[in-house]
Amino acid sequence: TININTVAAAILLSVSTTSAFTTPSSNIFRMSHSPIDSERRRQSVQVMMAGGFLGGIFGGENSSNTVANAATSTGSNAKINNSGKGPTNEIIKKVNGMNQRRLGGSDIIVSELGLGTQRWVSSDFNAPNKDDIFKFMDYAILDNGVNLIDTAEQYPIPSDGKKAQEGDSELAIGEWMKARGLSNGESRKKVVIATKITGGRNVTPKNIKADCAGSLKRLGTDYIDVYQLHWPARYSPQTNWGQSLAYDINADKNPYWRSLGGPTSFEDLCLAMQDLIDEGKIRGWGMCNDNAYGLTGCTRTAKALGVTPPCSLQGDFSLIDRKSEENGVAEAASPYNENVGFMSYNALAGGMLTGKYMNKPAALDNNERAKITEALENPRGRMDEFGWSRTLYRYRTEAAQEAIVEYSKIAKDAGMTLTELSQRWTRQRSLITTTLVGHSNIDQLKESVNYFTKSQPLSDKVMWEIDRVHMKNRLPIFSSNRVGKDWNGEGEIGETIP
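Computed from a predicted model, the values in this text were never measured in an experiment.

Cut-offs applied
- One numbering rule holds for all chains: residues counted from 1, following each sequence as written.
- The predicted nature of this model means local features are confined to residues of pLDDT at least 70 and side-chain atom pairs, given and counted, to a pLDDT of 80 or more, with totals for whole chains, interfaces and linings taken over all residues.
- Only hydrogens and water are set aside; all other atoms, that is, all heavy atoms of the structure, feed into the side-chain values.
- A helix here means a DSSP run of H or I that spans at least four residues, while a strand means a run of E at least two residues long, and both kinds are numbered starting from the N terminus.
- Burial here depends on accessible area, computed with a 1.4 Å probe over protein chains only, as a share of the maximum for the residue type. Under 20% is buried, over 50% is exposed, and the range in between is partly exposed.
- In what follows, a contact means two residues having at least one pair of non-hydrogen atoms within 4.5 Å.
- Side-chain atoms alone can form a polar contact between residues adjacent in sequence; in general such a contact is a pair of N or O atoms within 3.5 Å, and within protein one must be able to donate a hydrogen while the other accepts it.
- One bridge is not enough; two strands pair if DSSP finds at least two bridges between them.
- Where helices are involved, their axes are fitted lines through C-alpha atoms of the stretch in contact, as for all axes, and angles between N-to-C directions lie from 0 to 180°.
- By definition, turning the near helix anticlockwise from the far helix through less than a right angle yields a left-handed crossing, and turning it clockwise yields a right-handed one.
- Polar here means any residue outside two lists: the nonpolar Ala, Val, Leu, Ile, Met, Phe, Trp, Tyr, Cys and Pro, and the charged Asp, Glu, Lys and Arg; Gly therefore counts as polar.
- Only buried residues count toward a nonpolar core. Its members are Ala, Val, Leu, Ile, Met, Phe, Trp, Tyr and Cys residues joined through side-chain atoms within 4.5 Å.

Colleague: Would you explain the environment of Lys 281 in this entry?
Modeller: Along the chain, Lys 281 falls in the loop between helix H9 (266-278) and strand S10 (282-288). Since its relative accessible area comes to 24%, Lys 281 is described here as partly exposed. Separated by 59 residues in the primary sequence, Lys 281 and Asp 222 place their C-alpha atoms 6.5 Å from one another. The residues touching Lys 281, leaving out its near neighbours within four places in the chain, are Lys 209, Cys 212, Leu 216, Asp 222, Tyr 223, Ile 224 and Leu 276. Here Glu 279 takes part through its side chain, which lies 3.3 Å from a polar atom of the side chain of Lys 281.

Spelled out as structure tokens, the structure:
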């Protein structure tokens, strides 16, 4: 018979003198190199010896939930990992026809439709200005059951440093909250603010605290509801937003990531976020543009340390980008596993899933000079200008556009627009807690609100026809038929491929 506490103590002793279990991005065991105070160090050792972490390694009975309370049972006796206030995605209430759901295991409740703010007051040609976005928030939040606004310290994008500067989106949201009396006090609960710290090597305990303070000042409020990493603190294939899905060990060992001690560990990240929670500056936290490894690394580390795990993961998700359902994210986020909410963005794939580029190619993809000039002079959206659209080739691959044509036919047969089909499909996926949608004008927002308040889901027949198209190419945005022989392992925007 093996005594688990004896084994745990032996392992902890051995790793204090060796680096056998040490990894630069997750140093649970690297106690001597992490700025943990003695009390938290004792807590982490106690939790691991109790089975919360080491129990998972050795198959202990309570390996999934030592820190959390016991799971609740469903009618089928399946166990939900009810770590926190309840299971993610459960519908808590309906406000003016809009469902509001639990985000992860937290007590943060978000509307199924959230306001995406990346282009708010930006230097983009059709960006909504301050008057526009005030109307957006009045209509959505005050009148139609939307309560979530997602922003970032880097927004707006694009920003030219003149007309628009980083931080302006937060400033504009803060001005609206102040003007409507929603900045503080009881009325502050009417809106859920999610914002982000710039990712990569910018993510350090010191910067997490400083950048959060900057966002709070611009927003003019006492706390942020969900504070997220805009992209991981470590190397990850998908953070380049290109077409690479493959892990590249050479990229991971690049000095950018590995110099000065390497990226911030999961351990230090979790402790820094807990400090903000303890100080009342944030209610919960999460990741953006991350994967199943990052999600599980954070949740498991937080539980091992006895601190608050992340409540959300934000990611690209649409009819032509279903990777998060099939790469382990949906499984990890499930209420039966890590119990983490999912905020989807780009449900319309940069405008491609509105169908407006179907009959005439985007400017960058057109071979006829006259049509290119026409598109540049009268742009339909971001795909008709040479700066922004270069980074978004993934939505315009041949495979993606073939799928879009087929989805458009399904929408027409079902008596709706492709835009409606795209948004309602996203809303119905079991992974999705909320869908963040950006709008250029109030009419677009009114359409979105209408789609997200329809009581009837898409029919089983429509959902199956969509799946049939998906089966022809499960990853259309990550394919390409124009990779040149002389590209030498680089993709459309310089990312490493394949």
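Colleague: Mind showing me how you'd approach the sheet that holds strand S11 (residues 312-316) here?
Modeller: Strand pairs in the sheet, formed through backbone hydrogen bonds, run parallel or antiparallel to each other. Read once around its circumference, the closed barrel built from eight strands follows the order S6-S7-S8-S9-S10-S11-S12-S13, with strand pairing classed as parallel. Averaged over all adjacent pairs, the angle separating strand axes in this sheet is 30°, with direction ignored. Here three bridges tie strand S6 (residues 113-116) to strand S7 (residues 148-150), and the two strands are oriented parallel to one another. Counterpart to Leu 115 in the pairing with S7 is Ile 149. Taken strand by strand, helix H16 (residues 442-452) contacts S6 and strand S13 (434-437), and its axis lies near 160° from that of S6.

Colleague: What is the right way to read unusual backbone geometry from this model?
Modeller: Glycine aside, residues mostly have negative phi angles, and peptide bonds mostly take the trans form. A cis geometry characterises the amide bond from Tyr 155 onward to Pro 156, with omega recorded as 10°. With respect to the secondary-structure elements, Pro 156 resides in the loop between S7 and helix H5 (168-179). A cis amide bond links Ile 157 to the next residue, Pro 158, at an omega of 5°. Inspection of the secondary structure puts Pro 158 in the loop between S7 and H5. With a phi angle near 75°, Asn 89 is a residue other than glycine that sits in the positive phi range. In this structure, Asn 89 sits in the loop between strand S2 (79-80) and strand S3 (91-95). Backbone geometry at Asn 346 places phi at a positive 60°, although glycine is not the residue there. In this structure, Asn 346 sits in the loop between strand S12 (341-345) and helix H13 (369-377).

Colleague: Can you help me understand the environment of Gln 118 in this one?
Modeller: Mapping Gln 118 onto the fold places it in the loop between S6 and helix H4 (130-143). Accessibility expressed as a relative area gives 18% for Gln 118, which makes it buried. Along the backbone, Gln 118 and Gln 154 are 36 residues apart, and their C-alpha atoms lie at a distance of 8.6 Å. Among residues more than four places away in sequence, those in contact with Gln 118 are Tyr 155, Pro 156, Ile 157, Trp 241, Arg 382 and Trp 388.

Colleague: Where do I start with the packing of H9 against helix H10 (residues 292-305) in this structure?
Modeller: Running from amino to carboxyl end, H9 crosses H10 at an angle of 65°, the nearest separation of the two axes being 9 Å. Here H9 and H10 pass one another in a crossing that is right-handed. For the pair H9 and H10, the contacting residues are Phe 266, Glu 267, Leu 269, Cys 270 and Leu 271 in the first and Tyr 293, Gly 294, Gly 297, Cys 298, Thr 301, Ala 302 and Leu 305 in the second. The residue inventory of the contact of H9 with H10, partitioned by class, reads eight nonpolar, three polar and one charged.

Colleague: Can you help me understand the nonpolar core in this one?
Modeller: As a rule of thumb, soluble globular proteins bury nonpolar side chains together. Grouped together as the largest cluster of nonpolar side chains are 90 residues, with contacts concentrated most on Ile 320, Tyr 407 and Leu 421. Top element by residues in this core is H9. It accounts for eight residues. Grouped together as the second largest cluster of nonpolar side chains are 12 residues, Leu 103, Val 226, Cys 288 and Met 343 included.

Shape descriptors only; they carry no functional weight alone.
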